[in-house]
Structure formats: structure tokens, C-alpha cells
Amino acid sequence: MRIKTITICGGGNAAHAMIPIIRDHFSGQLNFFLPFRDEANHFQKLIDGKKTLTATIGEKEIYGRPDKVSKFAKDVCKEADLILMPLPAFAHEQTLLKIVPFLKEEAIIGAIPARSGFEYAALKILKDSKKEKVKIFGMQTLPWACRIKEYAVSVNILGKKKSVGMAAFPHKITPELASFLSRVLDLKIEPLPNMLTLTLANVGQIIHPGIMYGLFKEKEKVFYKKETIPLFYQGVTKEIAEILEAMSGEILRLTEKIKALHKNVNLDHVLGLQEWLIYSYEDSIADKSTLQNCFVTNSAYQGLRAPVKKDDDYFLPDFQARYLTEDVPYGLVVTKAIAQLAKIDMPIIDEVILTVSKWMQKEYLIGEYLKGKNIKETRIPQNYGINCIEEIMRY
Ligand code: NAD
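1. Examining the pairing of strand E12 (residues 188–191)
- Where strand E11 (residues 163–169) and E12 come together, four bridges link them in parallel fashion. Note that in E12 the partner of Met 166 across the bridge is Pro 191.
- Between the parallel elements E11 and E12, the chain passes through helix H6 (residues 174–185) in a crossover that is right-handed.

2. Considering the sheet that holds strand E7 (residues 108–111)
- Taken in spatial order, the eight strands of this open sheet run E5-E2-E1-E6-E7-E8-E11-E12, and their pairing is mixed. Lying at the two open borders of the sheet, with one neighbouring strand each, are strand E5 (68–70) and E12. Neighbour-to-neighbour, the strand axes of this sheet turn through a mean angle of 25°, independent of strand direction.
- Strand contacts of helix H4 (residues 92–99): strand E1 (5–9), strand E2 (29–33), strand E6 (82–85) and E7, with the helix running at about 155° to E6, the strand carrying the most contacts.

3. Concerning the packing of H4 against helix H5 (residues 118–128)
- Taken N-terminus to C-terminus, the directions of H4 and H5 make an angle of 25°; their axes are 10 Å apart at the nearest point. Classified by the interaxial angle, the pair formed by H4 and H5 is roughly parallel. Regarding H4 and H5, the two cross each other, and that crossing is right-handed. Listed contacts from H5 to His 92, Glu 93, Leu 96 and Leu 97 of H4 are Phe 118, Ala 121, Ala 122 and Ile 125.
- Its residues assigned to classes, the contact of H4 with H5 shows six nonpolar, one polar and one charged.

4. A few points about the sheet that holds strand E9 (residues 144–150)
- Strand order in the open sheet formed by four strands is E4-E3-E10-E9, with mixed pairing between adjacent strands. Only two strands of the sheet have a single neighbouring strand rather than two, namely strand E4 (60–64) and E9. Averaged over all adjacent pairs, the angle separating strand axes in this sheet is 25°, with direction ignored.
- Relative to strand E10 (residues 154–160), strand E3 (residues 53–57) runs parallel, the two sharing four bridges. Residue Thr 54 lies in a different strand from E10, and its bridge partner there is Ser 154.
- Of the strands in this sheet, E3, E4, E9 and E10 are in contact with helix H1 (residues 13–25), which crosses E9 at around 100°.

5. What to know about the layout of surface pockets
- In this structure, the second largest pocket occupies an estimated 250 Å³ of space.
- Along the wall of the second largest pocket there are 14 residues; nearest its centre are Leu 123, Lys 124, Lys 127, Glu 391 and Tyr 395.
- If you tally residues by element for the lining of the second largest pocket, the top one is H5, at seven residues.
- Here the lining of the second largest pocket is composed, by residue class, of seven nonpolar, no polar and seven charged.

6. A few points about the packing of aromatic side chains
- As enumerated under the stated definition, the model contains 15 aromatic pairs in all.
- Arranged with centres 6.1 Å apart and planes meeting at 85°, the rings of Phe 43 and Tyr 151 form a pair that is edge-to-face. One end of the pair, Phe 43, is in helix H2 (residues 39–50); the other, Tyr 151, is in the loop between E9 and E10, with 108 residues separating them in the sequence.
- Given a relative accessible area of 0%, Phe 43 falls into the buried group.
- When its relative accessible area of 18% is taken as the criterion, Tyr 151 is described as buried.
- A ring pair is formed by Tyr 233 and Phe 295, whose centres lie 6.4 Å apart and whose planes are at 10°; its orientation type is stacked.

7. Details of the site of the ligand
- Taken together, 23 residues surround the ligand, and among them Gly 11, Glu 39, Arg 115, Arg 322 and Glu 326 come closest.
- One of the backbone N or O atoms of Ala 14 is found 2.8 Å from an oxygen atom in the ligand.
- Expressed as a share of its isolated accessible area of 820 Å², the protein-covered part of the ligand is 81%.
- Tallied by class, the residues present in the shell around the ligand amount to twelve nonpolar, six polar and five charged.

8. Notes on the pattern of salt bridges
- One pass over the structure, following the stated rule, counts 13 salt bridges.
- Measuring nitrogen to oxygen at the nearest pair gives 3.5 Å for the salt bridge that ties Arg 65 to Asp 48. Of this pair, Arg 65 sits in the loop between E4 and E5 while Asp 48 sits in helix H2, placing them 17 residues apart in sequence.
- A salt bridge links Lys 259 to Glu 256; its shortest N-O distance comes to 3.3 Å. Of this pair, Lys 259 and Glu 256 both sit in helix H9 (residues 238–261), three residues apart, which is roughly one turn of that helix.
- With a relative accessible area of 26%, Lys 259 lands in the partly exposed category.

Cut-offs and rules
- Residues numbered from 1 in each chain as written.
- Predicted model: local features only at pLDDT ≥ 70, side-chain atom pairs only at ≥ 80, totals over all residues.
- Heavy atoms only, no water.
- Pairing = 2+ DSSP bridges.
- Helix = DSSP H or I, 4+ residues; strand = E, 2+ residues; numbered from the N terminus.
- Right-handed = clockwise from strand over helix to strand, strands pointing away.
- Axes fitted to C-alpha atoms, helices over the stretch in contact; angles between N-to-C directions.
- Contact = heavy atoms within 4.5 Å.
- Parallel < 35°, antiparallel > 145°, perpendicular 65-115°, else oblique.
- Left-handed = near helix turned anticlockwise from the far one by under 90°.
- Nonpolar A, V, L, I, M, F, W, Y, C, P; charged D, E, K, R; others polar.
- 1 Å grid on protein atoms, 1.4 Å probe; cavity = no way out; pocket = protein on both sides within 12 Å on 5 of 7 lines; lining within 4 Å.
- Points joined across faces, edges and corners; volume = space filled by probe spheres on them.
- Phe/Tyr/Trp six-rings, centres within 6.5 Å; stacked < 30°, edge-to-face > 60°.
- Buried < 20%, exposed > 50% of the residue type's maximum accessible area, 1.4 Å probe, protein only.
- Near = heavy atom within 4 Å.
- Polar contact = N/O pair within 3.5 Å; in protein donor to acceptor, adjacent residues only side chain to side chain.
- Areas by Shrake-Rupley, 256 points an atom, 1.4 Å probe, with all protein chains shown as cover.
- Salt bridge = Lys/Arg side-chain N within 4 Å of Asp/Glu carboxyl O.

So, in C-alpha cells, the structure goes:
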């Protein structure tokens, strides 16, 4: 695997964090693709003035800038051996469509994080453009919590994960790519056996819509004062934990059914929610005895509040927050669609989708069926012509 040019797409928090980190560990060409609004011009002007972008990680500062910035894929993607998309899931397809005409045959393109069903959209776009040799990958989460301090100038990297899972297609490139990404992203990237693992082990799809449902069901119109906005993770009650446990149980039942259908498919990395929390936050959870305690005694989750929007002097729950707009159409609905292909019922997940999608002013399900008027906006495999569980397991 010879990677001489890397292109990073998008100008958000994650892309800002990646520039100095990659620059610090990679001596090849680093390009920046900014198709969104006027970001390319804006970024170029600011970086020309300041010269470098600074990332602050604890006490440490690292610096870097891209070699080339453009709004146009033909300027910055043609030479790219590796294209990284640290973007919200709803931007993946639009970005891929702009890049695909210029992709080299041997290029590798990936989403960080993948969320669910990335492979269905990416492989369809590549096939339609006759670029089937291009390889894809997805990472399970973003390796850092990060926030732009000043656009094109500085970014705060608040937390770094111990390791992050990564799956690629074709599978044979995974080990070598994982080792390259570990080096340039400066953390352990753990190879996963298939992309289906990314979809089923996407715990954000349980935690975010599940807690929103638990916190706000029948409290949709409650106004909060600043100090009474519910804590998100620490607000998990015994009842909310039971909902999360039931959602996780439904996904595990689906996983077991797929394993039973095909003995060769490796889904060992799909864990129950409590097991995943203990694995991921081993040192920061004080009491691991119950799922509820794993949330409320996790110091990494301390003080984080539910997403709200301001309404005069009060706050209302924000149902257009990423916790729903990413994790439902690019998460929970995808898993529900796979369950339908595997003939597994998901009554609790159905109830969560039905309730939160009304809040989002979307309709994905009618009863238990994927027949809502907004279902085409989701990343379910059926939207890409995939209608059997066997095909899903190939990726
Ligand atoms: P962000 O909101 O900062 O990203 C916004 C950028 O995405 C924009 O500047 C633009 O460049 C691009 N974009 C947005 N809409 C677009 C569109 N319609 N078309 C093309 N480009 C578009 O997001 P982020 O914080 O960098 O997060 C990226 C991903 O990582 C998301 O999936 C997020 O949920 C996940 N994540 C982020 C954090 C974090 O701490 N920032 C933590 C965990 C997971």
C-alpha cells in the first residue's frame, strides 16, 4: 500500500483535528477538499494569514496545514491515494458524488465515523460510476472529542479514545490499512472482520435515540430553565436503562440470527451495551454493576446535558440535534431494515423510531413496516437495491 497523497474532506471539528495530527505523522502531500458553501475560500484566506492550524491536546500543541485547498474535487482528489471523510453521515453521499469522477482506480475512501450502512451507499455510487476497483473503509467512531476554537486557526482535542475499530471492503486490505491509519492518526486502529459489524455495533444508534426517547417521551413541550436542562447520560433512570437494554437485546438477537444463518460470518465484535460501555470506558466507570450505573457513574459522561434549543429565556428539547438526525436515518432505521430482511421483530426499536421520528417531523415507519414517506432519505440497504441478507453479509 503506497500512500503518497491524502485528501481530507469537509471543514468541521473532526477535519480540523485531523490536519495537524496527520501532518505530524505523514510526510506526503496533504490536500483539503471543501465543497460546502464558501468554506474553501474562507479557509484559504484565514490559513494564508495564520500559516498553520494549531491543535491543543492537553498540555501539548501540534501544528499543521494542508498543502492544497480547493472547493473542486478535480483539484484535490485526482492524485489522492487515500481520501478521508470526517463528516456527518448526511454529507457522505453528496461528498462522494462530487469526488467519484476523479478517483484513481487504486484509491481508498473512507468515512470517519461510518455510522450504519455506509458501504451500501458508497459501493452503489462507485458501481454506477464504473469505479468498482476503488476500496472503501469505515471507522466505528471518531477517535477524538474535538471542537473548533477558531475556524482555520485552532482546535481543541478534548479526549482521545484508546482504540477505534475499522472495517474495509475488500476485507483483505484491512490489516495493512489499519496499520497505516494507526500511524498517521496516532492511535490504535483495530481491524474488524466486516462492515456489517460497523452497522450492528454502532452503539450511538441505541444510546442517542434511546436516551432522547426516555428523557422526553410525554415531555416534548416542557420548557427548561438553563440549570434544569436534563443531564443526558447521568439522566439515565432505571426505566431508561431498561429501554436501552431492550434495544441492545433486539440487536443482539438479530446478530445471533445472522450468525445462525451463516456460520462463517464473524460478528464477535458486536457487544451488548453494558459490555461495550465496560470495554470502552473501563477506567472511568466507578460502578459497573448495572447498565444504569455504567452511565451515571461514568466520569467521561459527567455534566453533559441533553440537546436543547433556546426559546426566549427557556430551553426546549432539540429534536433536530445530531443525536436524532444522524443516529436514526443513518443508524437505527438501517438496523431495523436489516432485521426485516432477517425476519426478526424489533418492537422496542420500532416504538423508539416511531416516537422520535414524529418529533423530527419525519416518517420512516408505518407500524412495523419501512413504508414511511421519508424512508428514501435513510441509508437502508433496500434503498440501494439490496434485498437479501446474504448480500449484506458479503461486505
Ligand atoms: P461538524 O458539524 O463540525 O461538521 C460540519 C462540516 O461538515 C461542515 O463544516 C462541512 O464541511 C461538512 N458538511 C456539513 N453538511 C454538509 C453537506 N450537506 N454537504 C457537504 N458537507 C457538509 O461535525 P464534526 O463535529 O466534525 O463531526 C463529524 C462526525 O464525527 C459526525 O458524524 C459526528 O457525529 C462525529 N463525532 C464528532 C465528535 C466531535 O467531538 N466533534 C465526537 C464523536 C463523533
